[in-house]
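# Analysis of the macromolecular model
Residue-level listing of the chains:
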Amino acid sequence: MAAGTTTRPAAVTADQAPRAGLLGGSAGRGGGLLLLLGLVVLAMALSVAVGARSIGLGTVWQALTDSTLTSDEAVIVRELRVPRTVLGVLVGLALGAGGALMQGHTRNPLGDPGLLGVAAGASFAVVLAITLLGVGSPAEYVWFAFGGALLGSIVVFAIGSRGRGGATPVNLALAGTALTYLLYALVRAVLISDQQTLDSFRFWVVGALAGRDADVAWQVGPFIAVGLVLALVNSPALNTLALGEDVARGLGQRIWLARGTGIAGITLLTGAATAACGPIAFVGLVVPHVARSLTGPDHRWLVPYAALLGAALLLVADVIGRVVVRPGELQVGIVLALVGAPFFIALIRRRRLAAL
Amino acid sequence: MTATQVTPRSGTPEPPQRHPEERPRRVLRAGPLSATYRRRQLTVPVVVLALLVLVSALSIGRGDYPIALTDVLRTMVGLGDPAAEFIVLELRAPRVVVGVLVGIALGLSGALVQTFARNPLASPDVLGVTQGASVGAVAVLALGGGSSAAAGLLGGAGLPLAALVGALATAALVVLLAWRTGIDGYRLVLVGIGISAICTALTDWLLVRADIAEATAAYVWITGSLNARGWDQALPLTLALAVLLPAALVLSRTLGALQFGDDTARSLGIRVTGSQALVLLVAVALAAAAVAAAGPIQFVALVVPQIAVRLTGGSRPPLLASALLGALLVVGADLVARTVLPVALPVGIVTAVLGAPYLIWLLVSRRSRVR
């Protein structure tokens, strides 16, 4: 039963999984959202203060408020830490919201944003840029990666919508998987025959916030902002779509509009995030599950929760990566998986699952 | 024996969602025994098997010393001249045999996991088999493989052994962590995501800190390749399949009941937890054996069951057709990799390049069904 998750989600969930989340009622969820916001702010403060050289929060405050200060610490804060933190928040928000949107549309727990061919398209474009044009630094990859991500998802959508029944989730997921494998195969073909490209690419593909200057945040910021708006607009429709397309149509939902908005949002969010720091699959895959265990299946809450959780998780992982192998750094993509995955598994084991 | 048509809704319980275009089943009766089948469930494996023999013979014939197709076929049944026999049986057949066995194992494993998890995106990768094997193998290549002392200690057996241990340990960890009173497919998939992410991160980390020559070697391995594979790999794989293939086919009946959900299966008299554990064990062992022999050849376990179910019709990936299609894809991809392409690439790249467009074509052609 290939499409079991799409057509009969109740099969495994009915008796074992409660539909409600940990937080009940609008007040509880609203409070939780504020708490999460506080968590993100705390993580931002940590991210600015902690690093190869620890800087007290007082000094950070001075550096931020008084732009005439030119001490080493002030320069580190303004030139390195703040841009990196801002980028971390943007990318975390984007990956979390994009993941929630993707899982909502595909109704599949394996639905990470990479499914739409975004990460594969970006990787392919970056490899081509390195090997053909000799582009050398992460900041220069941004536009290639973003272009590749957009093209990837457009091709997946074109293939998926030509399948039987149009752009259904299963069609999109399979088309995305097929294109992803095809592009990664081509990427590997290049990497195996060209050592120099592999040497640059292996550092990009793990996903990192380091080495991106302030311009990168300005370049991807607008796309992420538009994507976040689309995600929030799209989330009520996801609730009706979860009842099945026929019921949703009966309730007056315009299916193509809802799907189109969602796909545009996913593409913008994950495309921009991947362009900025390389393919970080883990956030989009895992954060929505954590958020769902807090909020239950209501997407109007789930999407903002996932976005904030994504930002907090990414920042904390980045900070941990700076601390564990001082004075070196562990890339954020690696830390995320090593720290986040055990936590994720513990959560799955402890709680009864709020299934899709 | 008579063959008559019955309508899809009669007799045994059907999945709740049946497609209106479901092909009719035929009934085979022999005295007190009877079985239902669809014509395509028989024709597809036969056609694929014929293609597999043809492609294997073609693959054996191609090389620096080309041998005609008819000579290869004659040698395969024991009627060839000694020179051809040496080249065919000693030099070229082992590689093709490994390809066939790996393909069978991967196709079968994919069909088992996708039926079990009721998810078209599931594959043995979800259980962490591939990622665990990759960690084991890349660790050997990146940490010890370069230095001569470790290489001598581990010898030729080190890499496959590390991969096998990595694959089995990871899958065992996934199943253990997902186990509560039984195995819930949904929880299994989620735990698998988590463990796989850890393994991928470890592999990436090893690749980043390795020097570039070791990283390239590791990259070739994690792409999956049949280069320099011979009887040494074929023998253990044959033994594994001799046990696992019959086991999988026996499990087929149970799987048919399990796909209706645990409660229905239980009421049909299936010991749900026991048979689930058995299905997982067989699927993991198949995938681990294949990965240890040839590295994680991409895409086969994922795409082959989906292609098979679209070719045969039916409500779940057919086991036999998946196994044969897997073998055909691997051997065909290896043939393309060795002969058509200007540079020799690992077979794992070509399986994806051949398999992905075919899956896309199946998706967009209107005859196909979405499952």
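In this text, all values refer to a predicted model and were calculated from it rather than measured experimentally.

### Focus: the overall build of chain B
- A tally of helices and strands in chain B yields 14 helices and three strands.
- For chain B, the proportion of its 371 residues judged to be buried stands at 55%.
- For chain B, the proportion of contacts with a sequence separation of at least 24, taken over those separated by at least 6, is 72%.

### So, the overall build of chain A
- Secondary structure summary: chain A contains 15 helices and zero strands in total.
- For chain A, with 356 residues in total, the buried portion stands at 58%.
- Contacts in chain A between residues at least 24 apart in sequence constitute 77% of all its contacts with a sequence separation of at least 6.

### What to know about the UniProt feature "transmembrane region" (unreviewed entry) in chain B
Residues and elements named next belong to chain B.
- Here, the residues flagged by UniProt with the feature "transmembrane region" (unreviewed entry) are residues 42–60, 96–117, 129–154, 161–179, 185–207, 234–258, 278–305 and 343–364.
- As annotated, residues 42–60 comprises 100% helix and 0% strand, and the C-alpha atoms at either end are separated by 28 Å.
- Here residues 96–117 is 100% helix and 0% strand, with 31 Å between the C-alpha atoms at its ends.

### Topic: the nonpolar core
- Judged by nonpolar contacts, the single largest core of 245 residues is most densely connected at A:Ala97, A:Val126, A:Ala272, B:Val102, B:Ala105, B:Ala287 and B:Ala288.
- The element contributing the most residues to this core is helix α3 (residues 82–117) of chain B, with 18 residues.
- The contact partners of B:Ala105, leaving out residues within four places of it in the chain, are B:Leu241, B:Leu286, B:Ala287, B:Ala289 and B:Ala290.

### A look at the pairing of strand β2 (residues 25–30) of chain B
Residues and elements named next belong to chain B.
- Of the strand pairs in this sheet, β2 and strand β3 (residues 33–37) are connected by five bridges, and their pairing is antiparallel. In the strand pairing of β3, Arg26 is matched with Tyr37.
- What sits between β2 and β3 in their antiparallel hairpin is a turn of two residues, with Gly31 showing a positive phi close to 60°.

### So, the environment of B:Arg271
Residue and element names in this part refer to chain B.
- Mapped onto the elements of the fold, Arg271 is located in the loop between α10 (262–267) and α11 (272–294).
- Residue classification places Arg271 among the exposed residues on the basis of 12 C-beta atoms within 10 Å.
- Considered as a pair, Arg271 and Thr254 are 17 residues apart in the sequence and their alpha carbons are 9.0 Å apart.

### Notes on the UniProt feature "transmembrane region" (unreviewed entry) in chain A
- Taken from the UniProt record, the annotation "transmembrane region" (unreviewed entry) applies to residues 33–64, 84–102, 114–135, 141–160, 172–192, 263–290, 302–324 and 330–348 of chain A.
- Across residues 141–160 of chain A, the secondary structure splits into 100% helix and 0% strand, with the terminal C-alpha atoms separated by 28 Å.

### Quick look at the packing of helix α5 (residues 72–106) of chain A against helix α10 (residues 214–241) of chain A
All names here are of chain A.
- Direction vectors running N to C along α5 and α10 enclose 30°, while the axes themselves pass 9 Å from each other. Here α5 lies roughly parallel to α10, going by the angle between them. Note that α5 runs across α10; the crossing there is left-handed. Here Pro83, Val86, Leu87, Leu90, Leu93, Ala94, Ala97, Leu101 and Gly104 of α5 lie close against α10, whose contacting residues are Ala214, Val216, Ala217, Val220, Gly221, Ile224, Gly227, Leu228, Ala231, Asn234 and Leu238.
- Counted by class, the contact of α5 with α10 contains 16 nonpolar, four polar and no charged residues.

### Observations concerning helix α6 (residues 118–133) of chain A
All names here are of chain A.
- Across its 16 residues, α6 extends 21 Å between first and last C-alpha, which sits within 8% of the 22 Å expected from 1.5 Å per residue.
- Most of α6 sits out of view: 12 of its 16 residues are buried.
- Of the residues one or two after α6, Gly134 is the one with positive phi, at around 70°.

### Topic: the confidence of the model for chain B
Residue and element names in this part refer to chain B.
- Here chain B shows a mean pLDDT of 79. Residues at 70 or above account for 88%.
- Across chain B, the element-wise mean pLDDT spans from 44 in strand β1 (residues 3–6) up to 90 in helix α13 (residues 319–339).
- Between residues 1–21, whose pLDDT stays under 50, and residues either more than four places distant or in other chains, the model counts 32 contacts.
- This stretch, residues 367–371, has a pLDDT under 50; its non-local contacts, to residues over four places away or in other chains, come to 19 contacts.

### Section: helix α9 (residues 231–258) of chain B
All names here are of chain B.
- Between its first and last C-alpha, α9 extends 37 Å over 28 residues, near the 40 Å set by a 1.5 Å rise per residue.
- If you look at α9, its biggest bend is around 40°, right at Ser252.
- Of all the positions in α9, only Gln233, Ala234, Leu237, Leu241, Leu244, Ala248, Leu251, Leu255 and Leu258 are classed as buried.
- Elements in contact with the buried residues of α9: α3, α10, α11 and α13.

### Quick word on the environment of B:Ala167
All names here are of chain B.
- With respect to the secondary-structure elements, Ala167 resides in helix α6 (residues 158–178).
- A C-alpha to C-alpha distance of 4.5 Å links Ala167 and Gly132, two positions 35 residues apart in sequence.
- Not counting residues up to four positions away in its chain, the partners in contact with Ala167 are Val129, Gly132, Ala133, Ala288, Val291 and Ala292.

About the thresholds
Sequence positions are assigned chain by chain, starting from 1 and proceeding in written order. Here chains are named by letter from A upward and ligands by number from 1 upward, in the order in which they appear as written. Per-residue local features of the predicted model are confined to residues with pLDDT of at least 70, and side-chain atom pairs are confined, for both listing and counting, to 80 or more; whole-chain, interface and lining totals are unaffected and use all residues. Working definition: helices are DSSP H or I runs of at least four residues, strands are E runs of at least two. Numbering for both runs from the N terminus. Three exposure classes are used. Buried residues have 20 or more other C-beta atoms within 10 Å of their own C-beta, exposed residues have 12 or fewer, and partly exposed residues fall in between, all C-beta atoms being placed from the backbone. The contact criterion used is a C-beta to C-beta distance within 7 Å, with each C-beta placed from the backbone. UniProt positions are given in the numbering used here, feature names are shortened, and annotations may be inferred rather than shown by experiment. By convention the nonpolar core is taken to be a set of buried residues drawn from Ala, Val, Leu, Ile, Met, Phe, Trp, Tyr and Cys and joined through C-beta atoms within 7 Å. Think of it this way: DSSP has to see at least two bridges between two strands before they count as a pair. Lines fitted to C-alpha atoms define the axes, with helix axes restricted to the stretch in contact, and inter-axis angles between N-to-C directions lie between 0 and 180 degrees. Angles below 35 degrees are treated as roughly parallel, those above 145 as roughly antiparallel, those between 65 and 115 as roughly perpendicular, and all remaining angles as oblique. Crossing handedness: left-handed means the near helix sits turned counterclockwise from the far one by under a right angle, and right-handed means the same turn made clockwise. For this classification, Asp, Glu, Lys and Arg are treated as charged, while Ala, Val, Leu, Ile, Met, Phe, Trp, Tyr, Cys and Pro are nonpolar and the rest, including Gly, are polar. By this rule, a helix spans an expected 1.5 Å times one less than how many residues it contains. For every residue, the predictor assigns a confidence score, pLDDT, that lies between 0 and 100. The bend at a residue is defined as the angle formed between two axes, one fitted to the seven residues ending at that residue and one fitted to the seven starting there.

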